[in-house]
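Take a look at the letters that make up each chain.
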Amino acid sequence: IASMTGFFVLIAWFAHSALDEFHQNGGGSAGSNHPLDLMMRRRPKEAPALKPRRALLFAPLGGQGFGNVVNGLLSAHMLADEYDRIVCVDPKFESFLRAFRPYHTDDEAAWCQKQWDERTRHIKTCKIVNFSAGTLNECTLRECLNHEGPVELTSNTYPRW
C-alpha cells in the first residue's frame, strides 16, 4: 500500500506541475500544452557529450557449474556498472547465448563483436575466482578496470572484500 501511495503522490505532483506551467504559459497560447509536451520542453536543449565506450569482455570460466557462471556474469555487470563499461559476453559461449540474449542495440552488438575480434590488442585481463589464491585484490582489480582499453574478465564469483 505504501508503494501505491508513493505512486499516486508522484502522479499528483506531475499533474500539478504540468497544470501550473499550463497556466503560466497563458492556458492555451501558441504550442501544445499537453502535459507530455510540457515535459518535453523541460528537457535540456543539448545532449551531454558521449563518453567513449569501454568494454568488459566476459569469458566464462571452464569447468564451472551454471550457478558459478551466472555469479561471474553478475559480477561482470556489477563491475561494468561501477566502472562505466559495457559487458560483452564471449561469442564462443554459445550455450548461454542460445538461452539468453544480451540487451544490446544492433550498434552495441556489432561493437561488442569487434571488441572480441580485436581483443589481443591493448587488453588487460582480470580473474576473480572462489577456489584459488590467484584472485585479484581490490587495488589490483581497480587498476585493471580503470584501464582505458578493453578488459577481459574471467570470473565465477563476485568480489567479497
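Residues numbered from 1 in each chain as written. Predicted model: local features only at pLDDT ≥ 70, side-chain atom pairs only at ≥ 80, totals over all residues. Heavy atoms only, no water.

## What about the sheet that holds strand 4 (residues 151-155)?
Picture the strands of a sheet paired through backbone hydrogen bonds; they go either parallel or antiparallel.
Inference 1: Taken in spatial order, the 4 strands of this open sheet run 2-1-4-3, and their pairing is parallel. Every other strand in the sheet has two partners, leaving strand 2 (86-89) and strand 3 (124-128) as the edge strands with one partner each. Across this sheet, the average inter-strand angle for adjacent strands is 25 degrees, counted without regard to direction.
Inference 2: Relative to strand 4, strand 3 runs parallel, the two sharing 5 bridges. From the neighbouring strand, lysine 127 faces strand 4, where its bridge partner is threonine 154. (Pairing = 2+ DSSP bridges. Helix = DSSP H or I, 4+ residues; strand = E, 2+ residues; numbered from the N terminus. Axes fitted to C-alpha atoms, helices over the stretch in contact; angles between N-to-C directions.)

## Thoughts on the packing of aromatic side chains
Inference 1: Tallied over the entire structure, the rule returns 3 aromatic pairs.
Inference 2: Within the aromatic cluster, the residues linked to one another by ring pairs are Phe66, Phe93, Phe96 and Phe100. (Phe/Tyr/Trp six-rings, centres within 6.5 Å; stacked < 30°, edge-to-face > 60°.)

## Points about the pattern of salt bridges
Inference 1: Tallying each qualifying case throughout the model produces 2 salt bridges.
Inference 2: Arginine 53 is paired through a salt bridge with aspartate 107; the nearest N and O atoms lie 2.6 Å apart. In this pair, arginine 53 is assigned in the loop between helix 2 (35-42) and strand 1 (55-60) and aspartate 107 in helix 5 (residues 106-117), connecting sequence segments 54 residues apart.
Inference 3: The closest approach of N and O atoms between glutamate 138 and arginine 142, which form a salt bridge, is 3.1 Å. In this pair, glutamate 138 and arginine 142 are both assigned in helix 6 (residues 138-145), 4 residues apart and thus about one turn of the helix distant. (Salt bridge = Lys/Arg side-chain N within 4 Å of Asp/Glu carboxyl O.)

## Focus: the environment of phenylalanine 96
Inference 1: Mapped onto the elements, phenylalanine 96 comes out in helix 4 (residues 94-99).
Inference 2: Owing to a relative accessible area of 10%, phenylalanine 96 belongs among the buried residues under this scheme.
Inference 3: Through-space distance from the C-alpha of phenylalanine 96 to that of proline 60 is 9.7 Å; in sequence the pair is 36 residues apart. (Buried < 20%, exposed > 50% of the residue type's maximum accessible area, 1.4 Å probe, protein only.)

## Here we look at the nonpolar core
Inference 1: In this structure, Leu56, Leu79, Val87, Cys126, Leu141, Leu145 and Leu153 are the most contacted members of the largest nonpolar core, which totals 20 residues.
Inference 2: Of all the elements in the fold, those that place two or more residues in this core are strand 1, helix 3 (66-82), strand 2, strand 3, helix 6 and strand 4.
Inference 3: For this core, the leading source of residues is helix 3, giving 5 residues.
Inference 4: In this view, leucine 56 contacts Ala76, Leu79, Ala80, Arg85, Ile86, Val87, Cys88, Leu145, Val151 and Leu153; residues no more than four positions away in its chain are not counted.
Inference 5: Of all hydrophobic cores here, the second largest spans 8 residues; its members include Ala55, Leu57, Ala59 and Cys112. (Core = buried A, V, L, I, M, F, W, Y, C linked by side-chain atoms within 4.5 Å. Contact = heavy atoms within 4.5 Å.)

## Considering the pairing of strand 1
Inference 1: The element strand 1 is extensively covered by neighbouring structure, given that 5 of its 6 residues are classed as buried.
Inference 2: Pairing of strand 1 with strand 2 involves 4 bridges; the strand directions are parallel. Each residue of the ladder has a partner; that of leucine 57, found in strand 2, is cysteine 88.
Inference 3: A crossover connection joins strand 1 to the parallel strand 2 through helix 3; in handedness this β-α-β unit is right-handed.
Inference 4: Inspection of the sheet shows strand 1 paired to strand 4 by 5 bridges, in the parallel sense. (Right-handed = clockwise from strand over helix to strand, strands pointing away.)

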